[in-house]
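This is what each chain is made of:
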Amino acid sequence: MNKRIVFLSGFLLIMLACTLGNPPQSQTSDLLATLAASTPLTGSPAAPSGEATESPTLSSVTLPTPIPSTLTVPTSASTGQPTGKIVYTCQIFKVQAGNQICIINADGTGFRRLTTDDSKQHYYPSLSPDGRSVIYAAFRESNVYEIYEMNIASGAVVQLTNRLGNLNAPEISPDGESIVFKRARPNSDENQLFLMERNGADPNNIPALSGWDPTWSPDGKLILFASNRDGAVQLFTVRANGKGLHKVSDLPAIRGRSDWSPDGKYIVTYSGAPWEHEVYLMTADGSNAHIVSPQGGNSQGASFSPDSEWIAFTAYFDHPSDDHGCEIYIMRIDGTDLRRLTSNDYCDYQPRWGP
């Protein structure tokens, strides 16, 4: 009997050790899910014991970037350093219901928390074309998220919408005149793309169009978005009047969050199974799609720098099995010169680069 007990105990210890080394395959910290967000928890999240007062330091990471030799891979045309600012969602309270909006310089200095309401979720930020304001979505009440614009210098906030539904992913057009965003209605699985004026006036859906995570072409003539209209989720482009719909991508397991390079040449997105996402770069017509992120980081949610030479994204390179381990990284468009911008014990994600 004693030998049998020893054998069973040893077997259980071996099984436990095998389990601890693997990240969960389905868990809520895969934070860049691009479908409609669930209603956040009610009440205020517990505040952390203290917030960092020093700016995160920029760290260099050397990792391999395997790319098939048959592809024509763009190289960074400049040896210059990244400039501008990156705005992102910072989960400082380690719960989605308390998500905040933060900003950091592209060289890793100047960290600031922008939003101040600890009791509600803020997410999907992006910068205005002139870099003076940030636009984002925030929880108001059950099934209602509003869109807000904040002046970065003064902190003044303007509410742009009023109970249209569950709104997210707002982006201001390159000419600064319009805003595109996604709306989900209560008790409906449909995700609609909406347009409104910069001040929130005249919100209307783009006719006969279902999708999410919209972003503008650099000339403002097209909107790039994700949709499952043809089955598997892919990227599409369309004019603001709903005409000229065109399928762009042909990748497996696209989630949605994508970006168009300011020079108009490339589109960046991410694809892959849970905890195995990689950042893909393709030409603007969808051809020559290939992985540019160093593999193994569960990389996602990419955004181009204003000079089109760099990509910001979220990854777990330094904390691969930690639910709160996602940080903001940047790399050149060929996948080289990987650098970590944030270093926290909570998740930083949904980066959007601006001037």
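Fair warning: this is a prediction, and the values are worked out from it, not measured in the lab. (Residues numbered from 1 in each chain as written. Predicted model: local features only at pLDDT ≥ 70, side-chain atom pairs only at ≥ 80, totals over all residues. Heavy atoms only, no water.)

Caption draft 1: View of the pattern of salt bridges. For the structure on display, the rule yields 10 salt bridges. Linking Arg185 and Glu190 is a salt bridge whose minimum nitrogen-to-oxygen distance equals 3.2 Å. Among the residues examined, Glu190 registers a relative accessible area of 33% and is labelled partly exposed. A single network of salt bridges, built from pairs that share partners, joins Arg332, Asp337 and Arg339. (Salt bridge = Lys/Arg side-chain N within 4 Å of Asp/Glu carboxyl O. Buried < 20%, exposed > 50% of the residue type's maximum accessible area, 1.4 Å probe, protein only.)

Caption draft 2: Region of the structure containing the pairing of strand 7 (residues 144-151). Judged by how many residues are buried, strand 7 sits mostly within the fold: seven of eight residues are covered. Strand direction decides the pairing type here: strand 6 (residues 133-141) and strand 7, joined by eight bridges, are antiparallel. Bridging across to strand 7, Ala137 finds its partner in Ile147. Between strand 6 and strand 7, which follow one another and run antiparallel, lie two residues, and Asn143 among them has a positive phi close to 65°. (Helix = DSSP H or I, 4+ residues; strand = E, 2+ residues; numbered from the N terminus. Pairing = 2+ DSSP bridges.)

Caption draft 3: Quick look at a negative patch on the surface. Together, Asp175, Glu177, Glu197 and Asp202 make up a region of like negative charge exposed at the surface. Relative to the helices and strands, Glu197 is located in strand 11 (residues 191-197). (Patch = residues over 30% accessible without salt bridge, like charges linked within 9 Å, V, L, I, M, F, W, Y side chains within 5 Å. Areas by Shrake-Rupley, 256 points an atom, 1.4 Å probe, with all protein chains shown as cover. Lys, Arg positive; Asp, Glu negative; His and termini not counted. Charge placed at Lys NZ, Arg CZ, Asp CG, Glu CD.)

Caption draft 4: Focus on the environment of Asn298. Positionally, Asn298 belongs in the loop between strand 20 (290-291) and strand 21 (300-304). Among the residues examined, Asn298 registers a relative accessible area of 2% and is labelled buried. Sequence spacing of Asn298 and Pro274 is 24 residues, and the spatial spacing of their C-alpha atoms is 8.0 Å.

Caption draft 5: Seen up close, the sheet that holds strand 18 (residues 266-271). Strand order across the open sheet formed by four strands is 17-18-19-20, with antiparallel pairing between neighbours. Looking at the sheet topology across the chains shown, the edges are occupied by strand 17 (259-260) and strand 20. The pairing of strand 17 with strand 18 spans two bridges and is classified as antiparallel. Along strand 18, the bridge assignment pairs Asp259 with Val268.

Caption draft 6: Spatial organisation of unusual backbone geometry. A positive phi angle, close to 55°, is found at Asp202, a residue other than glycine. Checked against the element boundaries, Asp202 lands in the loop between strand 11 and strand 12 (204-210). Positive phi values are uncommon outside glycine, yet Asp337 reaches one of about 60°. Here Asp337 lies in the loop between strand 23 (327-332) and strand 24 (339-340). The exposure class of Asp337 is partly exposed, given its relative accessible area of 28%.

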